Amino acid sequence: MLEHLSHPIFKVVRESARDLNQRAYVVGGFVRDVLLDRPSKDIDFVTIGSGIELAKEVANRLQNATEVNYFKNFGTAHIRQEDWDFEFVGARKESYRGDSRKPAVEEGTLEDDQHRRDFTINAMAISLNDEDYGSLVDPFRGLQDLKDRKLKTPLDPEVTFSDDPLRMMRAIRFATQLDFTIDEASYKGIVKVADRLSIISQERITDELNKIIQAPKPSIGFKLLFDTKLLHQFFPEMVALQGVEERNGLKHKDNFYHTLQVLDNVCDHSDNLWLRWSAIMHDIAKPDTKGFTEKEGWTFHGHEFVGSKKVKHLFRRLKLPLNEKMRYVSKLVLLHLRPIALTKEIVTDSAVRRLIFDAGEDIDDLITLSKCDITSKNERKVKRFLSNLKDVERKIKDVEERDRVRNFQPPVSGAEIIEMFHIKPSREVGLIKNALKEAVLEGEIRNNREEAINFVLKKGIELGLKKP
Ligand code: CTP
């Protein structure tokens, strides 16, 4: 393990602990990550005795520690040095009260401390003590579980998960990030105590959910969330997408698995968390809008409108930000059918201009979402759609180069219209501005000043304004 202790901090902690006559270890996520060859800049140290005393001793020896914080109530300390974070804590033995996450803390041995951790792969420690410096302390065979790519609780799963129900989310998050399986007994433990998630705040659940969504293949996590029924507790709208109905021999697709496919597809093209959320939400209103008619079969008319309206409500409940990120997702949900709809008609310049105008900066993301939304099993159909979308993309590039409507700014402003006709701010100004925008988008005039001024003059006179 010595090769993993190359950072100078380890030597400093070793000497500090020696001087205090305290035992010290590296523990938890850092040990897991170095063994998995994942770079990590968070290091947790555990000591038998006071974590704060050890941190003080360490801080004294560090020349360039930029930030040192002591949390007396929790018995922990945090040191930040450049972009590294060091956390110090005394080993604990914990017993939890049934109704809350807040544990009653008692001092304990290293093994007590390892017992109270979430998974065997997170419960390994490396000694920083002189007699066995660099040796792995692994009482629960975490190294073997790491090799077997398995998540397993050190204690009876029901105890570990009831102690801190957020760990059920963490199990699924690690399974998704690392592509590990959850050990059978641990999985059963989650199913058994799933409803205990209710004591966890939505913010912390959403933190884990976002980590699942940022993994290379989030469908792994969503399937586990669904199968364990954790998803039912905080995102029933997504659960409602699941299922297939059949009438007159006609089936619609399972929108839950379709959504997951679209999400995974998006992840192959983009790291943008909000584009990924747009994929999750794009069909969210299909259950609300589902209909069946003899003539049309299954329909989901207007699901893009209803869905885009639901985004705000869902973002609020899921404690996601209610800012431009939310408006971006809502816009993409609203527009998600437009690029494909364009391929079904003769693509006119004005239709393309309108799409660019409506999508603005996000037109490229919208096209990505559209491509990823094609999940048909019929390869010929997929090929045809993708090739049609390529045509739309070419056309967008072409129209954009000529007309620059992506960030459309009216070529004549409201203030200028007021000045041109010597009028007060009034309804007419709005009417002229809107007519100008329409004329540019329809291609009646080009997006330049000269043509715009002529158009404004003509329109003003039509509205009965006096010629300037
Ligand atoms: N831990 C735990 N139960 C939790 C959270 C954390 O037992 N609900 C323990 C685990 O041993 C974990 C360590 O505390 O390894 C540090 O937790 P944290 O920094 O939150 O997570 P990491 O495991 O380091 O992983 P990541 O940084 O990816 O969140």
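Placed above this text is the structure.
Given the structure is predicted, the values throughout are model-derived calculations rather than measurements.

Caption draft 1: Main features of the packing of aromatic side chains. Tallied over the full model, the rule gives 13 aromatic pairs. Measuring from centroid to centroid gives 6.2 Å for Phe-235 and Trp-277, while their planes differ by 40°, and the two rings are tilted. Of the two residues, Phe-235 is situated in the loop between helix H11 (231-234) and helix H12 (236-239) and Trp-277 in helix H14 (residues 273-281); the sequence distance between them amounts to 42 residues. Each member of the pair, Phe-235 together with Trp-277, is buried. Consider the rings of Phe-256 and Tyr-257, whose centres lie 5.1 Å apart with planes at 80°: the pair is edge-to-face. Judged by relative accessible area, which is 0%, Phe-256 ranks as buried. The exposure class of Tyr-257 is partly exposed, given its relative accessible area of 36%. Ring pairs connect the aromatic residues Phe-10, Phe-30, Phe-45, Trp-84, Phe-86 and Phe-88, which therefore count as one cluster. A cation sits over an aromatic face here: Lys-56 above Tyr-70, 5.6 Å from the ring centre. Above the face of the Phe-385 ring, Arg-384 is positioned so that its terminal group lies 5.9 Å from the ring centre.

Caption draft 2: Broad picture of H14. Where burial is concerned, most of H14 is hidden: nine out of the nine residues are buried. Every buried residue belonging to H14 is among Leu-273, Trp-274, Leu-275, Arg-276, Trp-277, Ser-278, Ala-279, Ile-280 and Met-281, and all of these are buried. Two or three places before Trp-274, at the start of H14, stands the capping residue Asn-272, its side-chain oxygen 2.8 Å from that residue's backbone nitrogen.

Caption draft 3: Region of the structure containing the pattern of salt bridges. Scanning all chains against the criterion turns up 36 salt bridges. Across the salt bridge formed by Glu-158 and Lys-192, the nearest N and O atoms sit 3.1 Å from each other. Taken together, the residues Glu-158 in helix H6 (residues 157-163) and Lys-192 in helix H8 (residues 184-193) connect sequence positions 34 residues apart. Relative accessible area serves as the criterion here: at 30%, Glu-158 is assigned to the partly exposed category.

Caption draft 4: Main features of the layout of surface pockets. There is about 1,200 Å³ of room inside the second largest pocket. A per-class count over the lining of the second largest pocket returns nine nonpolar, 13 polar and 14 charged.

Caption draft 5: Representation of a positive patch on the surface in the model. A surface patch of like charges, here positive, comprises Lys-253, Lys-344, Arg-380, Lys-381 and Arg-384. With respect to the helices, strands and loops of the structure, Lys-253 is situated in the loop between strand E13 (250-251) and helix H13 (255-269). On the basis of relative accessible area, Lys-253 is assigned to the partly exposed category, the value being 43%.

Caption draft 6: Highlighting the site of the ligand. Around the ligand there are 13 residues in total, and Arg-32, Asp-118, Asn-122, Asp-164 and Arg-173 lie nearest to it. With respect to the ligand, the backbone of Asn-122 contributes an N or O atom lying 2.9 Å from an oxygen atom. At a separation of 2.8 Å, an oxygen atom of the ligand approaches a polar side-chain atom of Arg-173. When the ligand sits alone it has 560 Å² of accessible area, and the protein chains cover 72% of it. Those elements giving two or more residues to the shell around the ligand turn out to be helix H2 (29-35) and helix H7 (166-178). Its residues assigned to classes, the shell around the ligand comprises one nonpolar, three polar and nine charged.

Caption draft 7: Layout of the sheet that holds strand E5 (residues 84-90). The strand order across the open sheet formed by seven strands is E3-E4-E5-E2-E1-E8-E9, and the pairing between neighbours is mixed. The strands lining the two open edges of the sheet, one partner per strand, are strand E3 (67-71) and strand E9 (136-137). Across six bridges, strand E4 (residues 76-81) lies against E5 in antiparallel orientation. Bridge pairing in E5 links Ala-77 to Phe-88. Sitting on the sheet, helix H1 (residues 8-20) touches strand E1 (23-27), strand E2 (42-48) and E5, and the angle it makes with E2 is about 15°.

Caption draft 8: Spatial organisation of the pairing of E1. For E1, the buried fraction is high: four of the five residues fall into the buried class. Pairing analysis gives five bridges linking E1 to E2, with the strands arranged antiparallel. By the bridge assignment, Arg-23 is partnered in E2 with Ile-48. Here three bridges tie E1 to strand E8 (residues 125-127), and the two strands are oriented antiparallel to one another.

Cut-off values and rules
Residues numbered from 1 in each chain as written. Predicted model: local features only at pLDDT ≥ 70, side-chain atom pairs only at ≥ 80, totals over all residues. Heavy atoms only, no water. Phe/Tyr/Trp six-rings, centres within 6.5 Å; stacked < 30°, edge-to-face > 60°. Helix = DSSP H or I, 4+ residues; strand = E, 2+ residues; numbered from the N terminus. Buried < 20%, exposed > 50% of the residue type's maximum accessible area, 1.4 Å probe, protein only. Lys NZ or Arg CZ within 6 Å of the ring centre and 35° of its normal. Polar contact = N/O pair within 3.5 Å; in protein donor to acceptor, adjacent residues only side chain to side chain. Salt bridge = Lys/Arg side-chain N within 4 Å of Asp/Glu carboxyl O. 1 Å grid on protein atoms, 1.4 Å probe; cavity = no way out; pocket = protein on both sides within 12 Å on 5 of 7 lines; lining within 4 Å. Points joined across faces, edges and corners; volume = space filled by probe spheres on them. Nonpolar A, V, L, I, M, F, W, Y, C, P; charged D, E, K, R; others polar. Patch = residues over 30% accessible without salt bridge, like charges linked within 9 Å, V, L, I, M, F, W, Y side chains within 5 Å. Areas by Shrake-Rupley, 256 points an atom, 1.4 Å probe, with all protein chains shown as cover. Lys, Arg positive; Asp, Glu negative; His and termini not counted. Charge placed at Lys NZ, Arg CZ, Asp CG, Glu CD. Near = heavy atom within 4 Å. Pairing = 2+ DSSP bridges. Contact = heavy atoms within 4.5 Å. Axes fitted to C-alpha atoms, helices over the stretch in contact; angles between N-to-C directions.

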